[in-house]
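Understanding the architecture of this molecule
Spelled out from the first residue to the last, the chains are:
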Amino acid sequence: MIRTKISEQDLEKVRDIVARDLAKRFSPEEFTFDPIIVKHDLDHDGDEILRIKIIFDGDQNNLDPSWTVGIVGRIYPELEAIPGAAYPITSFIEKSEWEDPYNHLMDHEIER
């Protein structure tokens, strides 16, 4: 059970932090990141997390894994200032996969 509530306004702040970090590395001509979905959730151990899904449109070969894995370390210091923000878990999802309805069949399992 999620014990801490995070407001919709604070979830929007998290989206903005993520978007700013992405904009520092990628140009709009290179990638579009939309939507950025942030949900307060629980991990498999029952610990509170922020599940951040970053939907992107662009050449996945140009999405450097060593850079994307570091996003948590870059955004976490700003997240600590947001009341109720938990540790972020990020995933990058190609827009074509995101738009495929089959890929949303299991989304109900992460809704709390």
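Residues numbered from 1 in each chain as written. Predicted model: local features only at pLDDT ≥ 70, side-chain atom pairs only at ≥ 80, totals over all residues. Heavy atoms only, no water.

**Let's talk about the pattern of salt bridges**
This is how the line gets drawn: The salt bridge definition used is simple: a Lys or Arg side-chain nitrogen within 4 Å of an Asp or Glu carboxyl oxygen. The numbering of helices and of strands both runs from the N terminus, where a helix is a DSSP run of H or I of at least 4 residues and a strand a run of E of at least 2.
Per the counting criterion, the structure on display carries six salt bridges. Note that Arg20 is salt-bridged to Glu78, the shortest N-O span being 2.6 Å. Of this pair, Arg20 sits in helix 1 (residues 8-25) while Glu78 sits in helix 3 (residues 71-79), and the two are 58 residues apart along the sequence. One salt bridge in this structure joins Arg74 and Asp21, with 3.1 Å as the shortest N-O distance.

**Topic: the nonpolar core**
Rules: Only buried residues count toward a nonpolar core. Its members are Ala, Val, Leu, Ile, Met, Phe, Trp, Tyr and Cys residues joined through side-chain atoms within 4.5 Å. Exposure categories follow from relative accessible area, calculated using a 1.4 Å probe and restricted to protein chains: below 20% of the type maximum is buried, above 50% is exposed, and the middle band is partly exposed.
Grouped together as the largest cluster of nonpolar side chains are 22 residues, with contacts concentrated most on Val14, Val18, Leu22, Phe33, Leu50, Ile52 and Ile54. Of all the elements in the fold, those that place two or more residues in this core are helix 1, strand 1 (31-42), strand 2 (48-58) and helix 3. The dominant element in this core, judged by the number of residues it contributes, is helix 1, at five residues.

**Side note on the confidence of the model for the protein chain**
The following threshold applies: Scored from 0 to 100, pLDDT reflects the predictor's confidence in each residue. Working rule for contacts: check all heavy atoms of both residues, and any pair within 4.5 Å makes them a contact.
The predicted model of the protein chain has a mean per-residue pLDDT of 88, with 88% of residues at 70 or higher. Under a pLDDT of 50 for its full length, residues 108-112 has, in the predicted model, seven contacts with residues more than four places off or in other chains.

**Considerations on the sheet that holds strand 1**
Heads up, the rule is: Only strands that DSSP links by at least two bridges are regarded as paired with each other. A fitted line through C-alpha atoms represents every axis, and for helices the fit uses only the stretch in contact; the resulting angles, taken between N-to-C directions, go from 0 to 180 degrees.
Read across the open sheet, the three strands follow the order 1-2-3; overall the sheet is mixed. Each of the sheet's edge strands pairs with one partner strand only, and the pair in question is strand 1 and strand 3 (87-94). On average, each strand axis in the sheet is tilted by 20 degrees relative to the strand beside it, whichever way the strands run. The sheet contact formed by strand 2 and strand 3 spans eight bridges and is parallel. Looking at strand 3, one finds that Ile54 is bridged to Phe92. Most of the contacts of helix 1 go to strand 1, to which it runs at about 140 degrees, and overall it touches strand 1, strand 2 and strand 3. Helix 3 rests against strand 2 and strand 3 of the sheet, and its axis sits at about 135 degrees to strand 3.

**So, unusual backbone geometry**
Residue Pro35 follows Asp34 across a cis peptide bond; omega there is 0 degrees. Assignment of secondary structure puts Pro35 in strand 1.

**As for helix 1**
For the record, the criterion: The length a helix should cover is 1.5 Å for every residue beyond the first. Working definition: the arc comes from the directions between the helix axis and the C-beta atoms, pointing outward to the latter.
Given a rise of 1.5 Å per residue, 18 residues ought to cover 26 Å, and the 27 Å separating the end C-alpha atoms of helix 1 matches this to within 8%. Where helix 1 is concerned, the buried positions are Asp10, Leu11, Val14, Arg15, Ile17, Val18, Asp21 and Leu22. The buried residues of helix 1 occupy one face: seen down the axis, they fall within an arc of 155 degrees. Facing away from the buried side of helix 1, by more than 90 degrees, are the exposed residues Glu8, Gln9, Ala23 and Lys24. As for helix 1, its buried residues are in contact with strand 1, strand 2, helix 2 (65-68), helix 3 and strand 3.

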